[in-house]
Structures are given as C-alpha cells and as structure tokens.
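Now for the letters of each chain:
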Amino acid sequence: MNTSTPYLQIEHLRKSFGSFTALDDISLDIQEGEFVCFLGPSGCGKTTLLRAIAGLEQQEEGAIVQAGQDVSVLPPQQRDFGIVFQSYALFPNLTVNDNIAYGLANMKIPRRERQQRVQGLLDQIHLPDIGDKFPGQLSGGQQQRVALARALATEPGLLLLDEPLSALDARVRLHLRNEICALQRKLGITTIMVTHDQDEALTMADRIVVMDHGRIAQIGTPEEIYQQPATEFVARFVGSMNLLPARVLDHRNLMLGRKEVQTPLILPVCAEGTLGFRPECVQLQDGPWGLDRDEHLVLQAQLDQVYFMGAFARLEMTLDAELPLVQVDLPVEQMQNLEAGVGQSLWLSIPKAALKFYPQAQQGGERYQPHAQPAEMSMGVAAMQVAGA
C-alpha cells in the first residue's frame, strides 16, 4: 500500500439540503489499495459523502482529488469509479452478460474483448454459467455479485459500495462479505463502503471512518475504533459499552450514582462526564482484597440477570439504582464455575487500560447538532448507467 501521496483526497467538503447540513467540513485521505468503511447511523452523512465522491451529489464547498486530478466538478461519467448500490440497479431487460458489459460497450471495447472480460468476471464471482440469464431469474445474492462484476468491468481505480449487503439475509450477507474482501485484496482496488453495520466495518475495513451528524467522529483501524473510542458517541455506536454517568470529585475520585468510587485514571478537570468500559473487560472477584486500585477500578454490584449468548454469558448487574445496568460478558465455562445466583453481590474489577472517561464538554452534543434525516433521492437511469461506466 502506498503511504506517500494519497490516492483520494477529500478537503473541507460541505453539503446541505435546505437547512439540513449533510456534510460539515469533511477532510479525509485514502491510500491506494485501501479498503475504507464509512460507518454511522442513518442521517449521519455517509451516503452523501459517497455520492459526492461519485459526482452524484455536488458539494457546495471543498475539493475532491483522485489520483492527482481534481475531480470536484466533473460529472460522474468523467470520474474513474465503479459503484454498487444496495438495490443492485441491474437493467432487468438485459442479460447478465449485457449488464456486465454495459460500461465496456460505452467505451467502444471490441466485442471479443468484452466477452472475454465478462466471462473472466463471472469466473471471479463464482457464477460462470449464468451469462444468458436475466436479473429476475437470480437470487438476491447472485444479483449483487453481478452488480459487483459490472462495477469492476471497466477496471476502475476506485470501487464504491453503497450498503451493498443490507438487502440480503444474514447467511448470504456473511458469505458475500468474505467474497468482497477476498476479491478486493486480490485486485488491490481502492474501495470505499458505506454501512451502518458495525460488524461489517470491523471485519472488512483497513480503516473505519465513523460519522455523526455530518462530521467525522473518529478515523482509525478496526482495533483502534473498538479499543480506543475517541468520543462517547463512538463508544456507544461501535460494540457494547458500559457508559455510566459520573460526577467528578477530584482527579482520582468520582460519584457513580450514590457511591463514591476511586479510579485508577487521572480525571480531567470537569464537573461531570461518562465512565466507560467494555463488558468483556470486567473480571469478577470474590472480594475487594488483593487488588491494586492504582491499576484497577473496583466496584460492588448485584447480579440481576444472566443471558446465554452462545459463546459467552452476559450478566446484567446493578451498581446503583440511579445508574444503567452494568453488563459483564464471561466465557460460558467461567460462568459455570462462578456458581453465582441472581441477587448475589459480586465484586467487579476493571483494568485501568480498559477504562475510558468522556468529560461532558467533549460529548457529542457540543460538536454535533441533531438534524432530521434527509429524504433519499432517486438514483434514476443516469445513476444506473454510471454504475456500469
């Protein structure tokens, strides 16, 4: 992967729909061959950003530079990308062969070369014998693979995936997720995928761009996003996270509900905030003895519920009636050995490295203003043509 000059540079992009700000000063560099996921809830701006990169939406401010060329104002057909939509966007009146070859025909590629390239792509997506079928004769997973082949047919420098798996059932989605990753790495094509599914982003991406209300909340590898969420929003959105409102007493002590607790963290100067930790980072203890409180947060809580989750058991525990329930994830074998019953009081130990504290002044509300989700805009025939161009 080239780490010198970015393949795609997005600089201070802004886009509004009336009074709704969809993109608010977005800047981002993407390296050649990188697989990047735009992750966030509905209305966060991720699809608008993808459409701006494709030229399907025109930004009001900012620049987009691809492979050293400023494409900010170029129409979609003059940009170097292939795109796959959630709805497949295949032409129902064309065969699979003709759908895949659509962009090649527009490029005046000779018929024999088109046929060879189409067959090669059908082989790559493991559907070598469906060229004469029509989209209506295919399953959803097959249609999405054909849409992927069509996007790759013109050998674009950039592949854009707009929630390509969300319309599929879980089993097909998992299979296609693996296929897309393998194909992307084999071809080395720079890829951007929009998704609201954290599992997709964590398993597929080299880097994740978490978006919230038109801004970038955090950029990082899947490990960084999961293990070091930069804001309370990221912590809440990616994975399970215990988030407990707290009142700061001094640099080491805070109030959790009605309990005063000593933390191993050096707390920032603020009045209130949120203490966070992942359920799997909690260790259960028989008592508070023998634990270094400079390295662990030690809490006492009552066991309320136990849920069997397959590979692990999830415990819900009450720390204080004024606080949300604390979740603790334990391997099933460890849970069986615990021999703890509902109503029992247990001690929780959380290592210092697993703790996060988000001062109230840095939580999402001060940076991001809530907006209504913009209405989806119709792709139209022109957008379908772009998908094959």
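From a predicted model like this one, the values you see are computed outputs, not experimental measurements.

### Considering the domain arrangement of the protein chain
Okay, step 1: Each assigned domain of the protein chain is listed with its residue range as follows: domain 1 (8–232) and domain 2 (241–359).
Okay, step 2: Distance from the C-alpha centre of domain 1 to the C-alpha centre of domain 2: 40 Å.
Okay, step 3: If you look at the interface, domain 1 gives eight residues, while domain 2 gives seven residues.
Okay, step 4: Regarding the contact of domain 1 and domain 2, the summed buried area is about 600 Å², with carbon and sulfur atoms giving 47% of it.
Okay, step 5: Between domain 1 and domain 2 we count zero salt bridges in total.

### Section: the pattern of salt bridges
Okay, step 1: Taken as a whole and judged by the stated rule, the model has 13 salt bridges.
Okay, step 2: The residue Arg-145 makes a salt bridge to Glu-179 at a minimum N-O spacing of 3.5 Å. Separated by 34 residues along the polypeptide, Arg-145 in helix α4 (residues 140–153) and Glu-179 in helix α5 (residues 170–187) bring together distant segments of the chain. Here Arg-145 matches Glu-179 in class, with each residue buried.

### Brief notes about α5
Each full turn of the α-helix corresponds to 3.6 residues, which orients residues three or four apart in the same direction.
Okay, step 1: For α5, which comprises 18 residues, the first-to-last C-alpha distance of 26 Å matches the rise-based estimate of 26 Å (1.5 Å per residue) to within 8%.
Okay, step 2: Three or more residues of α5 are buried, namely Leu-176, Arg-177, Glu-179, Ile-180, Cys-181, Leu-183 and Gln-184.
Okay, step 3: Considering only its buried residues, α5 is in contact with β3 (35–39), α3 (111–124), α4, β7 (158–162), β8 (190–195) and α6 (198–204).
Okay, step 4: In this structure Asp-169 caps α5, since a side-chain oxygen of it lies 3.2 Å from the backbone nitrogen of Arg-171.
Okay, step 5: A positive phi of about 70 degrees marks Gly-188, the residue just after α5.

### Looking at the packing of aromatic side chains
Okay, step 1: All told, the structure shown has two aromatic pairs when counted by the stated rule.
Okay, step 2: For the pair Phe-91 and Tyr-102, a centre-to-centre distance of 4.8 Å together with 35 degrees between the ring planes defines the contact as tilted. Taken together, the residues Phe-91 in the loop between β6 (82–84) and α2 (96–106) and Tyr-102 in helix α2 connect sequence positions eleven residues apart.
Okay, step 3: With 5.8 Å between their ring centres and 10 degrees between their planes, Phe-233 and Phe-237 make a pair best called stacked. On the criterion of helical spacing, the pair formed by Phe-233 and Phe-237 is a turn pair, its members being four residues apart in helix α8 (residues 232–237). Pair check on accessibility: Phe-233 and Phe-237 agree, each one buried.
Okay, step 4: Lying over the aromatic face of Phe-17, Lys-15 brings its terminal NZ or CZ to 5.1 Å of the ring centre.
Okay, step 5: Directly above the aromatic system of Tyr-226 lies the positively charged group of Arg-278, at a separation of 4.0 Å from the ring centroid.

### Some words on unusual backbone geometry
Okay, step 1: One non-glycine residue, Tyr-88, lies in positive phi territory at about 70 degrees.
Okay, step 2: Positioned with a positive phi, Glu-163 is a non-glycine residue whose angle comes to about 45 degrees.

### What about empty space enclosed by the protein?
Okay, step 1: In total, this model carries one cavity of 30 Å³ or more according to the counting rule given.
Okay, step 2: Here the largest cavity defines a volume of roughly 50 Å³.
Okay, step 3: Together, Leu-148, Leu-152, Leu-159, Ile-180, Leu-183, Gln-184, Leu-187 and Ile-189 line the largest cavity.
Okay, step 4: Elements supplying a minimum of two residues to the lining of the largest cavity: α4 and α5.
Okay, step 5: Of all the elements, α5 adds the most residues to the lining of the largest cavity, at four residues.
Okay, step 6: In the lining of the largest cavity, the residues fall into seven nonpolar, one polar and no charged.

The rules we used
Residues numbered from 1 in each chain as written. Predicted model: local features only at pLDDT ≥ 70, side-chain atom pairs only at ≥ 80, totals over all residues. Heavy atoms only, no water. Domains from an automatic or database assignment. Contact = heavy atoms within 4.5 Å. Buried area = accessible area lost by both parts, 1.4 Å probe. Salt bridge = Lys/Arg side-chain N within 4 Å of Asp/Glu carboxyl O. Helix = DSSP H or I, 4+ residues; strand = E, 2+ residues; numbered from the N terminus. Buried < 20%, exposed > 50% of the residue type's maximum accessible area, 1.4 Å probe, protein only. Expected span 1.5 Å × (residues − 1). Polar contact = N/O pair within 3.5 Å; in protein donor to acceptor, adjacent residues only side chain to side chain. Phe/Tyr/Trp six-rings, centres within 6.5 Å; stacked < 30°, edge-to-face > 60°. Lys NZ or Arg CZ within 6 Å of the ring centre and 35° of its normal. 1 Å grid on protein atoms, 1.4 Å probe; cavity = no way out; pocket = protein on both sides within 12 Å on 5 of 7 lines; lining within 4 Å. Points joined across faces, edges and corners; volume = space filled by probe spheres on them. Nonpolar A, V, L, I, M, F, W, Y, C, P; charged D, E, K, R; others polar.

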